[in-house]
Amino acid sequence: MGKYSSLSQMRPPKPAPKGPHPLWRGIGCLMILLVPAISISSAYLTIEYAIANKWPVPYQLMGSARLPEIFYSTPGLSTIFSPLSDIPNFYANALLSIIYMILIGGVISVIYAAVYGMVGPSRYGPMDAPPTGVKVKKYKR
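Residues numbered from 1 in each chain as written. Predicted model: local features only at pLDDT ≥ 70, side-chain atom pairs only at ≥ 80, totals over all residues. Heavy atoms only, no water.

Attention shifts here to the overall build of the protein. Counting secondary structure elements, the protein contains 4 helices and 0 strands. In sequence order, the secondary structure elements of the protein are arranged as α-α-α-α. Scaling as 2.2 N^0.38, a compact globule of 141 residues should have a C-alpha radius of gyration of about 14 Å, whereas the protein reaches 28 Å, well beyond that. By principal-axis analysis of the C-alpha atoms, the protein measures approximately 85 × 50 × 30 Å. Per-residue burial over the protein gives 9% buried out of 141 residues. Long-range contacts, defined as pairs at least 24 residues apart, comprise 64% of the intrachain contacts of the protein with a sequence gap of at least 6. Summed over its atoms, the accessible surface of the protein is roughly 12,400 Å², and 70% of this surface lies on carbon and sulfur atoms. Between the mean site of the 13 positive side-chain charges and the mean site of the 4 negative ones, the protein shows a separation of 35 Å. (Helix = DSSP H or I, 4+ residues; strand = E, 2+ residues; numbered from the N terminus. Rg over C-alpha atoms; globule rule 2.2 N^0.38 Å. Buried < 20%, exposed > 50% of the residue type's maximum accessible area, 1.4 Å probe, protein only. Contact = heavy atoms within 4.5 Å. Areas by Shrake-Rupley, 256 points an atom, 1.4 Å probe, with all protein chains shown as cover. Lys, Arg positive; Asp, Glu negative; His and termini not counted. Charge placed at Lys NZ, Arg CZ, Asp CG, Glu CD.)

In structure tokens form, the structure reads like this:
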């Protein structure tokens, strides 16, 4: 409380926004669906292209997936995991799609950081003190 003002004359503080804007939540949900779909399809096309052009692909990753016998002997597990053995070059596609997911996520993060740095809120708020102009030199003995 200042010298010439009272609490009855002061306005209540503006409430802080709760969470991100709903538009950002929608974009995030869309990206959760799009990034894996793009990476899986691009991995499948890349493996097909690599095989057609005789690129050196590790032979351990090629061929269909073979799971332990417990997955095939149990009726519930065989129903869930038997479609995996029908996918050609499953391990190569899975590994390459994970690599693509990491790359796409990294590119999106860098782009987001650049855009946020340009249009985001200022570094200092109205209640912050301005940065000091003191330049510190390295101490030498």
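One pass over the full model with this rule turns up 4 aromatic pairs. Look at Y112 and Y116: their rings are 5.9 Å apart centre to centre, the planes differ by 25 degrees, and that puts the pair in the stacked class. Of this pair, Y112 and Y116 both sit in helix α4 (residues 90–119), 4 residues apart, which is roughly one turn of that helix. (Phe/Tyr/Trp six-rings, centres within 6.5 Å; stacked < 30°, edge-to-face > 60°.)

Within the fold, S97 resides in helix α4. A polar side-chain atom of S97 sits 2.9 Å from the main-chain carbonyl oxygen of A94. Here S97 is in contact with S39, I40 and A43, once residues within four sequence places are set aside. (Polar contact = N/O pair within 3.5 Å; in protein donor to acceptor, adjacent residues only side chain to side chain.)

This part is about a nonpolar patch on the surface. A surface patch of nonpolar side chains, about 560 Å² in accessible area, is lined by L23, W24, I27, Y112 and Y116. Of all the secondary-structure elements, those providing two or more residues to the nonpolar patch are α1 (22–52) and α4. The biggest single contributor to the nonpolar patch is α1, with 3 residues. (Patch = residues over 30% accessible without salt bridge, like charges linked within 9 Å, V, L, I, M, F, W, Y side chains within 5 Å. Salt bridge = Lys/Arg side-chain N within 4 Å of Asp/Glu carboxyl O.)

What follows deals with unusual backbone geometry. One can expect most non-glycine residues to show negative phi and most peptide bonds to be in trans. One non-glycine residue, K54, adopts positive backbone phi at about 60 degrees. Along the chain, K54 turns up in the loop between α1 and α2 (69–73). By relative accessible area, K54 is classed as exposed at 73%. If you check the backbone angles, N89 has positive phi at about 55 degrees while not being a glycine.

With that settled, the discussion passes to α4. With 30 residues, α4 extends 43 Å from end C-alpha to end C-alpha; this agrees with the ideal 44 Å at 1.5 Å per step. Among all positions in α4, only A92, N93, L96 and S97 are buried. Close packing links the buried residues of α4 with α1. (Expected span 1.5 Å × (residues − 1).)

Within the secondary structure layout, N93 lies in helix α4. In terms of polar contacts, N93 uses its side chain to reach the backbone carbonyl oxygen of P88, at 3.2 Å. Contact partners of N93, with chain neighbours within four places excluded, come to A43, Y44, I47, I87 and P88.

If you walk through the whole model with that rule in mind, you get 1 salt bridge. Of the charged contacts, one joins E69 and R66 as a salt bridge, the two residues approaching to 2.6 Å between their closest N and O atoms. Under the relative-accessibility criterion, R66 is labelled exposed at 54%.

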